[in-house]
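One-letter residues, chain by chain:
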Amino acid sequence: MHDEELLKEFEFFKVKEGRFRISLTTTCNARCWFCHNEGSIPPVKIDGKNGLQHKTHTCSTQEYITLVETLIDLGISRLYFTGGEPLISPKLDPILESIPLHEKNEFKVIIATNGILLKKKLDSLSNKHIDKLKISLHAFSDESMWNIERTRSIDVVKASIVQAKEIFPEIEINTLLMPENQHEIMDIIQFARDLQIDIEILERMTWQRN
Ligand SMILES: C[S@@+](CC[C@H](N)C(=O)[O-])C[C@H]1O[C@@H](n2cnc3c(N)ncnc32)[C@H](O)[C@@H]1O
Ligand code: SF4
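Residues numbered from 1 in each chain as written. Chains lettered and ligands numbered in written order. Predicted model: local features only at pLDDT ≥ 70, side-chain atom pairs only at ≥ 80, totals over all residues.

The protein chain has the name 4Fe-4S single cluster domain-containing protein in an unreviewed UniProt entry, where Fontibacillus panacisegetis is given as its organism.

See below:
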């Protein structure tokens, strides 16, 4: 098929406001007990020692760059980078560097992150063409964060959200409501409110709905 015919085939990307989710890695620096790891079927397993079982194949950086270029040519409206934890992946920076400067009404580049590495990565991310960060905040104390994500870095995540708000055009907090954070949900909402950041409260999807 010729390029023009191929582009026509994918006109629906424009018409239907095409969205594409790239899961850069199954590796993560947290161990959320509920994690669906972006649709891995079967889901990534956490073993008794908090180790992860990974996918056997992921694309190379160059393959992702070609994919992203093609999706932009086809008229994609939203490109999501997720994982696992995308900020861990060394592929993220070169892929983002390959994305051209654009208006947010052309298409949007969105990164989903647990925020743990965000503070360290803010400098390098601030130079890239990112339209929105979706930052997970499931807890408000280290104790709950440990119960949910098996890590204690709540102050780092909160501070990163505050800083990120000054850098990126759009920030959104994502919170999964669950028994372990019910008692802190109002604190999380108030935190978002004080910063005037959108918050999305999610319900847990089970593996069957993956
Ligand atoms: C898989 S994570 C990947 C990005 C990043 N590591 C993070 O946690 O934000 C993307 C989003 O999916 C959510 N998520 C993971 N497992 C889920 C589940 N079983 N049901 C609903 N949302 C889930 C996470 O809370 C997070 O907001
Ligand atoms: S931080 Fe994200 S990818 Fe990592 S375990 Fe939690 S939900 Fe899954």
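Trainee: What's the story with the site of ligand 2 in this structure? I'm lost.
Mentor: Taken together, Cys28, Ala30, Arg31, Cys32, Cys35, Asn37, Gly83, Gly84, Glu85, Asn114 and Glu149 make up the full set of residues adjacent to ligand 2. Of the residues assigned to the shell around ligand 2, the class counts are four nonpolar, four polar and three charged. (Near = placed C-beta within 6 Å. Nonpolar A, V, L, I, M, F, W, Y, C, P; charged D, E, K, R; others polar.)

Trainee: What am I meant to see in the site of ligand 1 here?
Mentor: Contacts to ligand 1 come from 18 residues, most closely from His36, Ala112, Ser136, Asn174 and Met205. Going through the elements one at a time, strand S3 (108–113) and strand S5 (170–176) are the ones with two or more residues in the shell around ligand 1. Here the shell around ligand 1 is built from residues that sort into seven nonpolar, eight polar and three charged. (Helix = DSSP H or I, 4+ residues; strand = E, 2+ residues; numbered from the N terminus.)

Trainee: Please explain the nonpolar core as it appears in this structure.
Mentor: Nonpolar side chains in soluble globular proteins tend to end up buried together. Counting residues in each nonpolar core, the largest one holds 35 residues, and the members touching the most others are Ile135 and Ile161. Take this core: its biggest share by element is four residues, from helix H7 (residues 154–167). (Core = buried A, V, L, I, M, F, W, Y, C linked by C-beta atoms within 7 Å. Buried ≥ 20, exposed ≤ 12 C-beta atoms within 10 Å, placed from the backbone.)

Trainee: What am I meant to see in the packing of helix H5 (residues 118–126) against H7 here?
Mentor: Helix-helix packing: each pair is described by the crossing angle between the helix axes and the interaxial distance. Two elements in contact, H5 and H7, have axes separated by 9 Å at closest approach and are oriented at 15 degrees. When the axes of H5 and H7 are compared, the pair comes out roughly parallel. In the packing of H5 onto H7, the handedness of the crossing is right-handed. Within the contact between the two elements, H5 uses Leu118, Lys119, Leu122 and Ser126 and H7 uses Val156, Ala159, Ser160, Gln163, Ala164 and Ile167. Considering only residue class, the contact of H5 with H7 consists of six nonpolar, three polar and one charged. (Axes fitted to C-alpha atoms, helices over the stretch in contact; angles between N-to-C directions. Parallel < 35°, antiparallel > 145°, perpendicular 65-115°, else oblique. Left-handed = near helix turned anticlockwise from the far one by under 90°. Contact = placed C-beta atoms within 7 Å.)

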